[in-house]
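# Coordinates in review
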Amino acid sequence: MTSDSRLEKILEEGHFAVTSECGPPRGVGPEVIQKKGEILKGVVDSVNVTDNQTSVVRMSSWSAGVLLKQMGINPVYQMVTRDRNRIAIQSDILGAASLGINTILCLSGDHQKFGDHEAAANVYDLDSIHLIQTVKLMRDDKKFLGGDELKGEPRMFIGAAANPFADPFEFRVVRLAKKINAGAQFIQTQCIFNIERFKKWMEMVRDRGLHEKAHILGGVTPLKSIGMAKYIKNMVPGMDVPDELIERIKGVEKEKRAEEGIKICIETIQQVREIEGVHGVHIMAIEWEEMVPRIADEAGLLPRPAAQ
Amino acid sequence: MVIGEGKPLQDVLAMVSQNKKIIVAGCRGCVTVCCAGGEKEVGVLSAALNLARQKDDNPIEIHEVTLERQCDTEYLEQVRSFIDEYEAVVSIACGAGVQFMAEMYRKIPIYPGINTNFIGVTEQQGVWAERCQACGNCKLHFTGGICPVTRCAKRLMNGPCGGSTQGKCEVDPETTCGWQLIYDVLKEQGRLDKLEHIIPVSDWSTSRDGGPRRIVREDLKL
Ligand code: SF4
């Protein structure tokens, strides 16, 4: 074990892992995050805490992670390289580790153009692959990027994201390989709506033997409505929502569409689970956390194993 | 070359609102080529200022001049004989030219009449685009001659990110994803293996992060 991460234990013990995520509040209230934590506790193995997602300012991801930790939940500390340079990054990693955070997801982050501070400078001193290397260097070599030794290494289980639906398609697996070579131990993918494309991607992953070098968790998102499906399809870069899926939701009565979205999500989980090399699912129920217990239950993912 | 673009007339009018006698100074270098600060633009800006001030019943006297370059003291000298007769200069050279003029002539304010935007190329007539951020540490040999610092909105060294869609950048559907371009050219050249390697963490000390930069060539100094 490289860390005390519950997620690492679950995966290393060979269980099919289940993670979810929650976005911190746009204010100081801890109860927002605690409420989401209550819903997810015991239903998933770890909860990702997003880092100012879509570049909208929110409570810092490590502090919301600590709030979850206090409730007995294993937080996955999401860190983007958009807002901090290597000095702040390494400092935050040390701080988070000292507060008991042991799982990190390394991201470059959405451009600030998407958020509420379009006039902000972006940092991008490092990219996501450099961030993975940095955490690994600190953990395994007990060194800072600058070369100095650190005292007391951050024992982090290192994760990264992969988007099988971005372009150029043939390069997505190469980039995944780079992330794994850099030190990523688990991978959470972008939301899978196009299962055929995901299968093709996984085939390329297996061809390179990458599924044996890192644990791949397929990302799923329940669609609440036609509006949401269309928004994701047309407005969120790097997302692939096939027309058939939209047609399927359109095919049911308006009041039953959310229900259909849940059904599709559960089916996707079951299909993803069948694919060789997929070791878990990451359920991203965007501002719909209350649906996660039901999805996990009906997808046959409960009860969660008690990894120790 | 350095690419610039005229500031809105209202902004320039606001800068000179207290002045009655000014110089509008152009430059025959880059800003002439990108049609932002050459002799022609000196004429256009001066006419516009004149007209606006006449309309306000507050005429302004303008001396029009276009220097060979504003980034060389030798050419900046050419205004010394008459600059003291004026209250301000609106320079429509790039930011370097404006500053160099301000360094040489400290008694009166030197105002910028254009915005300096980037180091770039003329893609087609009337269209200029950025190509270089002057990071001081050229990596173009790794990336198929396409600069990730300039052409990726996140200056990623190991892109493309998950937002790259059909060749376009996540930031703007009108902007080509720089990393898609890098991928395409390396693929064409049969050098995709280059992208298997991680381009290491950058040293930004040669960029603006290291403070104002200077090059001293002893062999050329007088
Ligand atoms: S889409 Fe391409 S250019 Fe835009 S930020 Fe991502 S990698 Fe960079």
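Below: a short report on this structure.

### Topic: the pattern of salt bridges
When their charged atoms lie close together, side chains carrying opposite charge are able to pair. Residues and elements named next belong to chain A. Within the structure shown, the criterion is met by 35 salt bridges over all chains. When the shortest N-O distance is used, the salt bridge between Arg248 and Glu260 registers 2.8 Å. Taken together, the residues span a long stretch of sequence, with Arg248 in helix H9 (residues 243-250) and Glu260 in helix H10 (residues 257-274) at a distance of twelve residues. Two residues, Arg294 and Glu298, come together in a salt bridge whose shortest N-O distance is 2.9 Å. Of this pair, Arg294 and Glu298 both sit in helix H11 (residues 292-298), four residues apart, which is roughly one turn of that helix. For Glu298, a relative accessible area of 43% puts it in the partly exposed group. Because the salt bridges share partners, they merge into one network encompassing Arg248, Glu260, Lys263 and Glu267.

### Topic: the sheet that holds strand E6 (residues 114-124) of chain B
Residue and element names in this part refer to chain B. Read from one edge of the open sheet, three strands run E1-E6-E7, paired in antiparallel fashion. At either end of the open sheet lies a strand with only one pairing partner, and these are strand E1 (2-6) and strand E7 (127-132). For this sheet the average axis-to-axis angle between neighbouring strands, irrespective of direction, equals 70 degrees. Here E1 pairs with E6 via five bridges, running antiparallel. Bridge pairing links Ile3 to Phe118 in E6.

### Some points on the site of the ligand
In the region of the ligand, the neighbouring residues are B:Arg151, B:Cys152, B:Ala153, B:Lys154, B:Pro160, B:Cys161, B:Ser164, B:Cys169, B:Glu170, B:Cys177, B:Gly178 and B:Trp179. When its residues are assigned to classes, the shell around the ligand shows seven nonpolar, two polar and three charged.

### A word on the pairing of strand E5 (residues 157-162) of chain A
Residue and element names in this part refer to chain A. Summarising burial for E5: five of the six residues are buried, a large majority. Bridge count between strand E4 (residues 103-107) and E5: four bridges; the pairing is parallel. Within E5, the residue paired with Cys106 across the bridge is Ala160. You can see the chain leave E4, run along helix H5 (residues 128-140) and come back into E5, and the turn it takes is right-handed.

### A word on H5(A)
Residues and elements named next belong to chain A. Compared with the 18 Å implied by 1.5 Å per residue over 13 residues, the 18 Å span of H5 between its first and last C-alpha is a close match. Considering only its buried residues, H5 is in contact with strand E3 (75-80), helix H4 (86-98), E4, E5 and helix H6 (169-182). You can read the cap of H5 off the contacts: a side-chain oxygen lies 3.1 Å from the backbone nitrogen of Ile129, and it is on Asp127. Remark: Lys142 follows H5 within two positions and exhibits a positive phi of approximately 55 degrees.

### Notes on the pairing of strand E6 (residues 186-191) of chain A
Strand residues, when the strand is regular, have side chains that alternate between the two faces of the sheet. All names here are of chain A. A large share of E6 lies buried, amounting to five of its six residues. Looking at chain direction, E5 and E6 are connected through four bridges and run parallel. Looking across to E6, one finds that Ala161 is bridged to Gln188. In this view, the connection linking E5 to its parallel neighbour E6 by way of H6 has right-handed handedness. As judged from the four bridges shared by E6 and strand E7 (residues 215-220), these two strands associate in the parallel manner. By the bridge assignment, Gln188 is partnered in E7 with Leu217. Between the parallel pair E6 and E7, the chain is carried across by helix H7 (residues 195-207), and the sense of this crossover is right-handed.

### A short note on the sheet that holds strand E1 (residues 17-22) of chain A
Residue and element names in this part refer to chain A. Pairing is parallel in the closed barrel, where eight strands are placed in the order E1-E2-E3-E4-E5-E6-E7-E8. Sheet twist, expressed as the average angle between the axes of neighbouring strands with direction ignored, equals 30 degrees. Sitting on the sheet, helix H3 (residues 61-70) is in contact with E1, strand E2 (46-49) and E3, with an inclination near 180 degrees to E3.

### Let's talk about the packing of helix H8 (residues 226-235) of chain A against H9(A)
Residues and elements named next belong to chain A. In contact at an axis separation of 10 Å, H8 and H9 are set at 170 degrees when each is read in the N-to-C sense. As far as their axial angle goes, H9 and H8 are roughly antiparallel. Crossing of H8 over H9 shows left-handed handedness. Where H8 approaches H9, its residues Ile226, Ala229, Lys230 and Lys233 are matched on the opposing element by Asp243, Ile246, Ile249 and Lys250. The class makeup of the residues in the contact of H8 with H9 is four nonpolar, no polar and four charged.

What counts, and at which threshold
Residues numbered from 1 in each chain as written. Chains lettered and ligands numbered in written order. Predicted model: local features only at pLDDT ≥ 70, side-chain atom pairs only at ≥ 80, totals over all residues. Heavy atoms only, no water. Salt bridge = Lys/Arg side-chain N within 4 Å of Asp/Glu carboxyl O. Helix = DSSP H or I, 4+ residues; strand = E, 2+ residues; numbered from the N terminus. Buried < 20%, exposed > 50% of the residue type's maximum accessible area, 1.4 Å probe, protein only. Pairing = 2+ DSSP bridges. Axes fitted to C-alpha atoms, helices over the stretch in contact; angles between N-to-C directions. Near = heavy atom within 4 Å. Nonpolar A, V, L, I, M, F, W, Y, C, P; charged D, E, K, R; others polar. Right-handed = clockwise from strand over helix to strand, strands pointing away. Expected span 1.5 Å × (residues − 1). Contact = heavy atoms within 4.5 Å. Polar contact = N/O pair within 3.5 Å; in protein donor to acceptor, adjacent residues only side chain to side chain. Parallel < 35°, antiparallel > 145°, perpendicular 65-115°, else oblique. Left-handed = near helix turned anticlockwise from the far one by under 90°.

Any functional reading would require information that these geometric values do not contain.
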